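# Reading the structure
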Amino acid sequence: MKTFELLNLSDILSRLPLGKLTIERRAALTRTVCAISRARKPFDDCLTEAKKKLVPDGYEELSGKTDRTPDEDARLKDMTENYNKAVHATIKPELDAEVTLTVSKPMTAEDLLALADCDEKWTLADAMWVANLLGIDMAE
């Protein structure tokens with residue numbers, strides 16, 4: 001899968017409340033989320049490095065100032081837009097890179113379907129998307 005897919009998967013699965021799951025299902029989801037965290041670490045490190053390296057001169061001082069003039073506000077807005085564009089351009093290749101996800105004991109179709117118990121907004125489409133990314137056979 002691509003890194004951007006892994007990041008989306010991470011966001012979706014990490015937000016699920018675990019309270020309504022059985023201990024076994026909770027463990028399966030936790031193993032998957034931990035594996036995703038390990039797989040996304042190189043991207044997270046790259047993002048952190050890009051953010052540190054590309055901060056414009058005077059940005060932190062200007063952004064921390066509470067009584068900016070309208071000219072300073074405009075300058076800060078421009079600096080922020082350029083900073084965000086530079087960070088995005090730096091990490092874009094990483095977002096499109098292939099990443100391998102290895103889960104010690106992968107989730108089953110039953111584990112995945114049980115996620116609907118966690119969140120009333122969880123849909124069959126969500127389950128199928130996650131199943132496709134994780135290589136879970138929903139016919140089992």
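Please read all numbers here as calculations on a predicted model, not as lab measurements. (Residues numbered from 1 in each chain as written. Predicted model: local features only at pLDDT ≥ 70, side-chain atom pairs only at ≥ 80, totals over all residues. Heavy atoms only, no water.)

### Regarding helix 1 (residues 3-14)
Look at helix 1: 16 Å from first C-alpha to last across twelve residues, which is about the 16 Å you get at 1.5 Å a residue. All buried positions along helix 1 are accounted for by T3, L6, L7, L9, S10 and L13. Buried residues of helix 1, viewed axially, fall in a sector of 165 degrees; they line one side. Buried positions along helix 1 lie against helix 2 (23-53), helix 4 (70-95) and helix 6 (124-134). (Helix = DSSP H or I, 4+ residues; strand = E, 2+ residues; numbered from the N terminus. Expected span 1.5 Å × (residues − 1). Buried < 20%, exposed > 50% of the residue type's maximum accessible area, 1.4 Å probe, protein only. Arc of directions from axis to C-beta. Contact = heavy atoms within 4.5 Å.)

### Considering the packing of helix 1 against helix 6
As a packed pair, helix 1 and helix 6 sit with axes 11 Å apart at the nearest point and diverge in direction by 130 degrees. Here helix 1 lies oblique to helix 6, going by the angle between them. For the pair helix 1 and helix 6, the sense of crossing is left-handed. The residues of helix 6 that touch helix 1, namely those facing E5, N8, L9 and I12, are W129, V130, L133 and L134. Tallied by class, the residues present in the contact of helix 1 with helix 6 amount to six nonpolar, one polar and one charged. (Axes fitted to C-alpha atoms, helices over the stretch in contact; angles between N-to-C directions. Parallel < 35°, antiparallel > 145°, perpendicular 65-115°, else oblique. Left-handed = near helix turned anticlockwise from the far one by under 90°. Nonpolar A, V, L, I, M, F, W, Y, C, P; charged D, E, K, R; others polar.)

### Describing a nonpolar patch on the surface
A cluster of nonpolar side chains, contributed by L113, L124 and M128, occupies part of the molecular surface with about 300 Å² of accessible area. Note that M128 resides in helix 6. A residue is classified by how much of its surface remains accessible, and M128, at 42% relative accessible area, is partly exposed. (Patch = residues over 30% accessible without salt bridge, like charges linked within 9 Å, V, L, I, M, F, W, Y side chains within 5 Å. Areas by Shrake-Rupley, 256 points an atom, 1.4 Å probe, with all protein chains shown as cover. Salt bridge = Lys/Arg side-chain N within 4 Å of Asp/Glu carboxyl O.)

### Things to note about the side chain of D111
Note that D111 resides in helix 5 (residues 109-114). Take D111: its relative accessible area is 8%, and that puts it in the buried class. Engagement of the side chain of D111 in a polar contact is seen with the backbone nitrogen of T108, the distance being 3.0 Å. The contacts of D111, once residues within four sequence positions are left out, are R25 and A28. (Polar contact = N/O pair within 3.5 Å; in protein donor to acceptor, adjacent residues only side chain to side chain.)

### Side note on the pattern of salt bridges
Scanning the model with the defined rule gives eight salt bridges in all. Note that R40 is salt-bridged to D44, the shortest N-O span being 3.0 Å. Of the two residues, R40 and D44 both sit in helix 2, four residues apart, roughly one turn of that helix. Overall, R40 belongs to the buried group, its relative accessible area being 17%. When its relative accessible area of 24% is taken as the criterion, D44 is described as partly exposed.

### Digging into the environment of P93
Along the chain, the position of P93 falls in helix 4. P93 sits in the exposed class, given a relative accessible area of 54%. Taking the C-alpha atoms as reference points, P93 and D45, 48 residues apart in sequence, are found 14 Å from one another.

### Regarding the nonpolar core
The biggest cluster of nonpolar side chains holds 23 residues, and the ones touching the most others in it are L13, L112, L115 and W122. Elements with a contribution of two residues or more to this core: helix 1, helix 2, helix 5 and helix 6. Leaving out residues up to four positions away in the same chain, L112 has contacts with M107, W122, A127, V130, A131, I136 and M138. (Core = buried A, V, L, I, M, F, W, Y, C linked by side-chain atoms within 4.5 Å.)

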